[in-house]
Amino acid sequence: MDSQMTLHNGGCHCGRVRWLVKAPSSVVAWKCNCSDCSMRGNIHFIVPSERFELLGDSKQNLTTYTFGTHTAKHTFCKVCGITSFYIPRSNPDGVAITFRCVDPGTLTHVEVKSYDGKNWERWHEQSGIAACSKT
């Protein structure tokens, strides 16, 4: 994965939620099999929260769903329902970016790794995912 940072724009389907994230052009994305991610087909990469910025009036178009430990904050657009980003349980100090919601042209490579969210407690430590939200 390259270490040079790129500015990526992205957002939801209807465009009411827009954001900017600073991340490499080549990222490692996680395909999680927890009950929520597997239903949504979510595959995301994680960045430190200080590298993420909501644009314009995006915040007023968001709503949040939580379950289980209520650590993860699953945000989605109130209008179109797309989860373009959220705060993951694995990295409450970071932001998970749905890689398919990044505008075309700035991601050059996405390596997809599996994350066993069904067995979160056992899997979290060995996955190394916690390091993804550190600067």
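Residues numbered from 1 in each chain as written. Predicted model: local features only at pLDDT ≥ 70, side-chain atom pairs only at ≥ 80, totals over all residues. Heavy atoms only, no water.

**Q** Looking at this structure, I do not really get the pattern of salt bridges. What am I missing?
**A** Pairing between side chains of opposite charge can happen when the charged atoms of each approach one another. Applying the stated rule across the entire model yields three salt bridges. For Arg-18, the salt bridge is made with Asp-103, and the minimal N-O distance between the two is 2.6 Å. A residue pair is termed long-range when its members are at least 10 positions apart, and Arg-18 in strand β2 (residues 18–24) and Asp-103 in the loop between β9 (94–98) and β10 (109–115) qualify at 85 residues. Here Asp-93 and Lys-134 are joined by a salt bridge, their closest N and O atoms 2.6 Å apart. On the criterion of sequence distance, the pair formed by Asp-93 in the loop between β8 (85–86) and β9 and Lys-134 in the segment after α2 (120–127) is long-range, its members being 41 residues apart. Assessed through its relative accessible area of 32%, Asp-93 is described here as partly exposed. (Salt bridge = Lys/Arg side-chain N within 4 Å of Asp/Glu carboxyl O. Helix = DSSP H or I, 4+ residues; strand = E, 2+ residues; numbered from the N terminus. Buried < 20%, exposed > 50% of the residue type's maximum accessible area, 1.4 Å probe, protein only.)

**Q** Sorry, what's going on with the state of the cysteines here?
**A** Disulfide: a covalent bond connecting the sulfur atoms of a pair of cysteines. Taken as a whole, this structure holds zero disulfides when the rule is applied. In this model Cys-32 remains outside any disulfide bridge; the closest cysteine sulfur is found in Cys-34, 3.8 Å from its own. Not engaged in a disulfide, the cysteine Cys-77 finds its nearest cysteine sulfur in Cys-14; these two sulfurs lie 3.7 Å apart. (Disulfide = S-S within 2.5 Å.)

**Q** Please explain the sheet that holds β2 as it appears in this structure.
**A** Two modes of strand pairing occur in sheets, parallel and antiparallel, and in both the strands are linked by backbone hydrogen bonds. Ordered in space as β1-β2-β5, the three strands form an open sheet in which the pairing is antiparallel. The sheet terminates laterally at β1 (5–11) and β5 (52–54), the two strands that pair on one side only. Between one strand axis and the next, the sheet turns by 20° as a mean value, whatever way the strands run. As judged from the three bridges shared by β2 and β5, these two strands associate in the antiparallel manner. Each bridged residue has a counterpart across the sheet, and for Trp-19 the counterpart in β5 is Leu-54. (Pairing = 2+ DSSP bridges. Axes fitted to C-alpha atoms, helices over the stretch in contact; angles between N-to-C directions.)

**Q** Hey, could you run me through the packing of aromatic side chains in this one?
**A** Aromatic rings considered in pairs are described by the distance between their centres and by the relative angle of their planes. Taken as a whole and judged by the stated rule, the model has four aromatic pairs. With 4.7 Å between their ring centres and 40° between their planes, Phe-52 and Phe-85 make a pair best called tilted. Of the two residues, Phe-52 is situated in strand β5 and Phe-85 in strand β8; the sequence distance between them amounts to 33 residues. Just as Phe-52 is buried, Phe-85 falls in that class too. Ring geometry for Tyr-65 and Phe-67: centres 5.7 Å apart, planes at 25°, overall stacked. Residue Tyr-65 is classed as partly exposed on the basis of its relative accessible area, which comes to 40%. The class of Phe-67 is partly exposed, set by a relative accessible area of 31%. (Phe/Tyr/Trp six-rings, centres within 6.5 Å; stacked < 30°, edge-to-face > 60°.)

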